[in-house]
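Architecture and fold: a report
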Amino acid sequence: MSENSVTISLQDVSKVYQMGEEQIRALDHVSFDVAKGEYVAIEGPSGSGKSTFMNLVGLLDVCDDGRYLLDGVDVATLSDDQQAAIRNKKIGFIFQNFNLLNKMTALENVEVPLMYQGMDEKRAAQQAAVYLDKVELGSRTDHLPTQLSGGQQQRVAIARALACQPEVILADEPTGALDQKTGSDIMDLLDRLNHEGQTIIVITHDHKVALRARRIAHMMDGHLTMEDRHEIH
Amino acid sequence: MKFIESIKLAFRNIRANKMRSGLTMLGIIIGIASVIALVGVGNGAASSVKSSVSSMGTDIVTVKIQSDDASLSEDQVTALGALDNVAAVAPYKSISATVSRGDTSTSRSTILAINQSYLSINNVELASGRGISFVDLDNASKVCVIGSDLATTLFSLADPVGQSLKIDGDQYTVIGVLAETGSSMGVDIDSTLLIPYSTAVYLGEDTSNSSLYVQLTDATQADATVTRIENYIRMTLQISSDDYSVTSQSSMIAAMEDINSTLSLMLAGIASISLVVGGIGVMNVMLVSVSERTREIGVRKSLGARRRDILLQFLIEAVVISVLGGIIGILMGLFAGIVIQNFGTGFEASGDVILIAFVTSAAIGLIFGSFPAYRASALSPIEALRSE
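In this text the structure is predicted, and so the values were computed from the model without any measurement. (Residues numbered from 1 in each chain as written. Chains lettered and ligands numbered in written order. Predicted model: local features only at pLDDT ≥ 70, side-chain atom pairs only at ≥ 80, totals over all residues.)

**Things to note about the overall build of chain A**
The test is simple: Counting from the N terminus, the helices are DSSP H or I runs at least four residues long and the strands are E runs at least two residues long. With the radius of gyration taken over C-alpha atoms, the globule rule is written as 2.2 Å times the number of residues to the power 0.38. Counting other C-beta atoms within 10 Å of its own, a residue is labelled buried from 20 upward, exposed at 12 or fewer, and partly exposed in the gap between, with every C-beta atom placed from the backbone. By the convention adopted here, residues make contact when the C-beta atoms placed from their backbones lie within 7 Å.
Along chain A, the regular secondary structure elements total 7 helices and 10 strands. Against the globule reference of 17 Å for 233 residues, chain A gives a C-alpha radius of gyration of 17 Å, in line with a compact fold. For chain A, the spread of C-alpha atoms along the three principal axes comes to 45 × 45 × 40 Å. Put simply, chain A has 233 residues, and 47% of those count as buried. Taking contacts inside chain A between residues at least 6 apart in sequence as the whole, the part at least 24 apart equals 69%.

Laid out in structure tokens, this is it:
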């Protein structure tokens, strides 16, 4: 992998939380690169620091130490608004509990990030419809999240993550709230997106989910301890 | 996010929480409606007072000598009438006497001794007969013009003109009946009897004078003429300015307006208190809304909402609630005005007040919405996403 294809580069990053008297090193000198088009899993038990990892990569939080380069830009130098713009354009979040806005239809949920780009509602609706089609929900655009099954809600969330054509998809336990079969379908969808060239980082405690990725990094007590590289059968 | 989209979003959120938004609006509605209603009543009262004052015409100057041992003689009144810009003078004297006809009598009726100019200066119309003339004054004739109420009391439905009545036992002939006017300037002219000024000597009065109306040729020169009259009185009677007053009708109107605007301001002030309470309601609900939607704020931030987007979202929501409340409040206030009018109280809504009420309601949304909106925008995205 050549240097200029690197999208995400964490360099000796640390994050410390103060919990009462105790200091918790959620990330301890972590270095990690993700190249364009890669499919990476961060696997670890709860409390291992993988959520902190995701928050840092997703620009929801800042590191205490080290550098984080996204597309070659040191994110520490960016203003609040610039970080928001990067979350909007370069990062697509998929959460365990979907995090859809309950009073909006599937279509409107997918419109939200497009509207934050300054798009008007009409164009946003057109584009949102394209992505709902892509996740095979073209017939459910007017449904509220409460009228959709868990798997369908996660598909809406994926469509929303894709809507702004992000550099990277960050999926935090994407199957955590789904049954085996539905979870497997969602992972199939992520596989397909990766085949189309989408960079994906999955954070999970489930080894079966992690196995979908071509590269697995294990997280334990704030350290990225081991990396498996394997080809998908 | 585009501004227009933010406004749409605000409307959507308000619709999604109809009950809560409605109750919040109620505070603003009551506040604005009471401002509109109270200021309207204030203005209505003001204009009814003003119209009763100005029914006399702005070209009238009232002269009163308050000193006990000074008064204007007949000749001095005539001289006053010859001053520049003076069209006519109407000296008058209020006498209290018993008026009777046959068995019917009224004790202590007000009898006004007047000259030929009094009726026209005061805009008092005759219903029948004629008014006091030069000849009546010259001859000190025992004639009288009767107010409409007094006429009904003494003559019931019969035409009083040509009939006679008695004032303190002396016989007078009725020469005219006044049209009904209601009370004006504290005088109930309808139950008054008018006699020639010179005739008053029969009732024990002299011909000296301490109250008179002066009609001006040119009302715009009122101030200068007032000064001229004051100078004349001071020079001829040698009394200090405490002992007489010369008031033009326009200065009286100005004084009334002053009182009325103070009154309106006070009413608006009282109503504003309820507006402040309504504003606190808006803030309260917006704070609840922010904490209820903390997770939504986190999600929106993760999707690329800037601080400004979140701030605007909540601020616009607060302003829209307040402005909607304001519009409904204006309509309710005007409706209350119509009801009040049906009870006979004057009500006057001005465009200014409506505009101010509208702007105030928007300002309340801005002021009381900004703190909750700021709180929302300052939330950390991780904390917000973590909340349930």
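**Observations concerning the overall build of chain B**
The helix and strand tally for chain B stands at 12 helices and 11 strands. Here chain B has a C-alpha radius of gyration of 33 Å; the compact-globule value for 388 residues is 21 Å, and the former is much larger. Within chain B, buried positions represent 41% of all 388 residues. In chain B, of all internal contacts separated by at least 6 residues, the share reaching a separation of at least 24 is 83%.

**Comments concerning the environment of Val130(A)**
All names here are of chain A. Structurally, Val 130 can be placed in helix H4 (residues 121-134). Looking at Val 130, the number of C-beta atoms within 10 Å reads 13, which means it is partly exposed. Measuring from C-alpha to C-alpha, the distance between Val 130 and Leu 107 comes to 9.9 Å, with 23 residues separating the pair along the chain.

**Considering the nonpolar core**
Note the threshold: When buried Ala, Val, Leu, Ile, Met, Phe, Trp, Tyr and Cys residues are joined through C-beta atoms within 7 Å, the set is termed a nonpolar core.
Ala159(A), Leu170(A), Ile201(A) and Ile36(B) are the most contacted members of the largest nonpolar core, which has 121 residues in total. What Leu170(A) contacts, discounting residues up to four positions off in sequence, is Met54(A), Val57(A), Gly58(A), Ile91(A), Gly92(A), Phe93(A), Ile94(A) and Ile201(A). Formed by 51 residues, the second largest nonpolar core is a distinct cluster that contains Ile132(B), Ile167(B), Ile175(B) and Leu216(B).

**Some thoughts on the pairing of strand S2 (residues 22-35) of chain A**
Along any regular strand the residues' side chains alternate between the sheet's two faces. Residue and element names in this part refer to chain A. Where we set the bar: Two strands are said to pair when DSSP picks up at least two bridges between them.
Sheet analysis places strand S1 (residues 6-19) next to S2, joined by 10 bridges and oriented antiparallel. Paired with Val 16 across the two strands is Arg 25, which belongs to S2. Between S1 and S2, which pair antiparallel one after the other, the connecting turn spans 2 residues, and Gly 20 there sits at a positive phi close to 65°.

**A short note on the sheet that holds S1(A)**
All names here are of chain A. To be explicit about the condition: Between the N-to-C directions of two axes lies an angle of 0 to 180 degrees, each axis being a line fitted to C-alpha atoms and, for a helix, fitted only over the stretch in contact.
An order of S2-S1-S4-S5 is seen for the 4 strands of this open sheet, with the pairing classed as antiparallel. Of all the strands in the sheet, just S2 and strand S5 (73-74) have a single pairing partner and so form its edges. Sheet analysis places strand S4 (residues 65-70) next to S5, joined by 2 bridges and oriented antiparallel. Bridging from a neighbouring strand, Leu 69 pairs with Asp 74 of S5. Across the sheet, helix H1 (residues 50-57) lies against S1, S2 and S4, angled at about 125° from S1, the strand it touches most.

**A closer look at the domain arrangement of chain B**
Rules: Note that the domain bounds reflect an automated or database-derived domain assignment.
Split into domains, chain B comes out as domain 1 (3-52 + 254-386) and domain 2 (71-238). Distance between the C-alpha centres of domain 1 of chain B and domain 2 of chain B: 56 Å.

**A short note on helix H7 (residues 222-237) of chain B**
Residues and elements named next belong to chain B. Convention followed: One less than the residue count of a helix, multiplied by 1.5 Å, gives the span that helix is expected to have. What the arc measures is the spread of directions leading from the helix axis to the C-beta atoms.
Helix length check: H7 (16 residues) gives 22 Å between terminal C-alpha atoms against 22 Å at 1.5 Å per residue, within 8%. Within the span of H7, buried status applies to Ala 222, Thr 225, Val 226, Ile 229 and Ile 233. The arc enclosing the buried residues of H7, seen along the axis, measures out at 105°, which places them on a common side. Set apart from the buried face of H7 by more than 90 degrees, the exposed residues are Asp 223, Thr 227, Asn 231 and Met 235. Residues of H7 that are buried in the fold lie against strand S1 (60-65), helix H3 (74-81), strand S2 (86-91), strand S10 (211-216), strand S11 (244-248) and helix H8 (249-292). A positive phi of about 55° marks Gln 238, the residue just after H7.

**Remarks on the pairing of strand S6 (residues 143-146) of chain B**
Residues and elements named next belong to chain B. Neither face of S6 is left uncovered, since the one carrying Val 143 and Val 145 and the one carrying Cys 144 and Ile 146 both have all their residues buried. As paired strands, S6 and strand S8 (residues 170-178) are joined by 4 bridges and run parallel to one another. Within S8, the residue paired with Val 143 across the bridge is Thr 173. In the sheet, S6 pairs with strand S9 (residues 192-196) via 2 bridges, with the strands oriented antiparallel.

**Some words on unusual backbone geometry**
Across residues other than glycine, the phi torsion is negative in most instances, and most of the peptide bonds are trans. Its identity as a non-glycine residue notwithstanding, Phe98(A) has a phi of 70°, on the positive side. Tracing the sequence through the fold places Phe98(A) in the loop between strand S6 (91-94) and helix H3 (106-116). Residues other than glycine seldom take positive phi values, yet Ser156(B) does so here, at roughly 45°. Within the element layout of this structure, Ser156(B) appears in the loop between helix H6 (148-155) and strand S7 (164-167). By C-beta crowding, Ser156(B) is classed as exposed, having 9 other C-beta atoms within 10 Å.

**Some points on the interface of chain B and chain A**
Listed per partner, the contact involves 17 residues of chain B and 21 residues of chain A. Contributions of two or more residues to the side of chain B that touches chain A are made by helix H1 (3-16), helix H9 (294-302), helix H10 (307-342) and helix H12 (381-386) of chain B. It is H9(B) that provides the largest number of residues to the side of chain B that touches chain A, a total of 5 residues.

**A closer look at the sheet that holds S1(B)**
All names here are of chain B. The 4 strands are arranged S2-S10-S1-S11 in an open sheet whose pairing can be described as antiparallel. Lying at the two open borders of the sheet, with one neighbouring strand each, are S2 and S11. When the angles between neighbouring strand axes are averaged without regard to direction, this sheet yields 15°. Pairing geometry for S1 and S11, over 5 bridges, is antiparallel. Opposite Thr 62, over in S11, you have Thr 247 as the bridge partner. Of the strands in this sheet, S2 and S10 are in contact with H3, which crosses S2 at around 155°.

**As for H10(B)**
The terminal C-alpha atoms of H10(B) lie 52 Å apart, and with 36 residues this matches the ideal 52 Å at 1.5 Å per residue to within 8%. A positive phi of about 95° marks Gly344(B), the residue just after H10(B).

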